[in-house]
Amino acid sequence: QVQLVESGGGLVQAGGSLRLSCAASGSIFSIYDMGWYRQAPGKQREFVAGITSGGSTNYADSVKGRFTISRDNGKNTVYLQMNSLKPEDTAVYYCHAAHILLSDYWGQGTQVTVSS
């Protein structure tokens, strides 16, 4: 069982930055691949960024060059640094933990609102 708690969302002007955090508890964090997803009103949840247990990263084209995902296994935390934010980045951001042999888990989400 893994519990995920996101934090760091808020209201920011276009061009600004936010850093999201996702704290994990309840299992061996380091074995999970971690990801960030987002869901805007009226839209489907979409992939934003991912980092494997080995540290490899990948990003949605829409955020490449602006967002950076990282993890600190000592703190059981994954981060999403978001720079040059745009109004279209407005969404609820969710943390996700996945392992090929185990259940996957979602956090409760944190709201990010970017004003123009």
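Structure's up top.
The rules we used
- Residues numbered from 1 in each chain as written.
- Predicted model: local features only at pLDDT ≥ 70, side-chain atom pairs only at ≥ 80, totals over all residues.
- Heavy atoms only, no water.
- Helix = DSSP H or I, 4+ residues; strand = E, 2+ residues; numbered from the N terminus.
- Polar contact = N/O pair within 3.5 Å; in protein donor to acceptor, adjacent residues only side chain to side chain.
- Contact = heavy atoms within 4.5 Å.
- Core = buried A, V, L, I, M, F, W, Y, C linked by side-chain atoms within 4.5 Å.
- Buried < 20%, exposed > 50% of the residue type's maximum accessible area, 1.4 Å probe, protein only.
- Phe/Tyr/Trp six-rings, centres within 6.5 Å; stacked < 30°, edge-to-face > 60°.
- Lys NZ or Arg CZ within 6 Å of the ring centre and 35° of its normal.

J.: Please clarify how the side chain of Asp 89 should be interpreted in this entry.
T.: Mapped onto the secondary structure, Asp 89 falls in the loop between strand 8 (77–82) and strand 9 (91–98). Polar side-chain contacts of Asp 89 include one of 2.9 Å to the side chain of Arg 38. Reaching out from Asp 89, the side chain makes a polar contact with the side chain of Arg 66 at a distance of 2.8 Å. Each residue touching Asp 89, except ones within four places of it in the same chain, is listed here: Arg 38, Arg 66, Phe 67, Ser 84, Val 112 and Val 114.

J.: How should the nonpolar core be read in this particular structure?
T.: As a rule of thumb, nonpolar side chains are buried together in soluble globular proteins. The biggest cluster of nonpolar side chains holds 31 residues, and the ones touching the most others in it are Leu 4, Met 34, Trp 36, Val 78, Leu 80, Met 82 and Tyr 93. Contributions of two or more residues to this core are made by strand 3 (18–25), strand 4 (33–39), strand 5 (46–51), strand 7 (67–72), strand 8, strand 9 and strand 11 (110–115). Among residues more than four places away in sequence, those in contact with Met 34 are Leu 4, Cys 22, Phe 29, Ala 49, Gly 50, Ile 51, Ile 69, Arg 71, Val 78, Cys 95, His 96 and Ala 97.

J.: Whenever I open this one, the packing of aromatic side chains confuses me. Can you help?
T.: In this description, an aromatic ring pair is defined by two values, namely the gap between the centres and the angle between the planes. Enumeration over the complete set of coordinates arrives at 3 aromatic pairs. With 6.4 Å between their ring centres and 70° between their planes, Tyr 32 and Tyr 105 make a pair best called edge-to-face. Note that Tyr 32 is positioned in the loop between strand 3 and strand 4 and Tyr 105 in strand 10 (residues 105–106), a separation of 73 residues in sequence. Its relative accessible area of 3% is what places Tyr 32 among the buried residues. Ring geometry for Tyr 37 against Phe 47: centres 5.5 Å apart, planes inclined by 75°, an arrangement best described as edge-to-face. In this pair, Tyr 37 is assigned in strand 4 and Phe 47 in strand 5, connecting sequence segments 10 residues apart. A residue is classified by how much of its surface remains accessible, and Tyr 37, at 22% relative accessible area, is partly exposed. Among the residues examined, Phe 47 registers a relative accessible area of 28% and is labelled partly exposed. Grouping aromatic residues by their ring pairs yields a cluster made of Tyr 37, Phe 47 and Trp 106. When the ring centre of Tyr 94 is taken as origin, the NZ or CZ atom of Arg 45, which lies over that ring, is 3.7 Å away. Its guanidinium or amino end placed over the ring of Trp 106, Arg 45 lies 4.6 Å from that ring's centre, counting from NZ or CZ.

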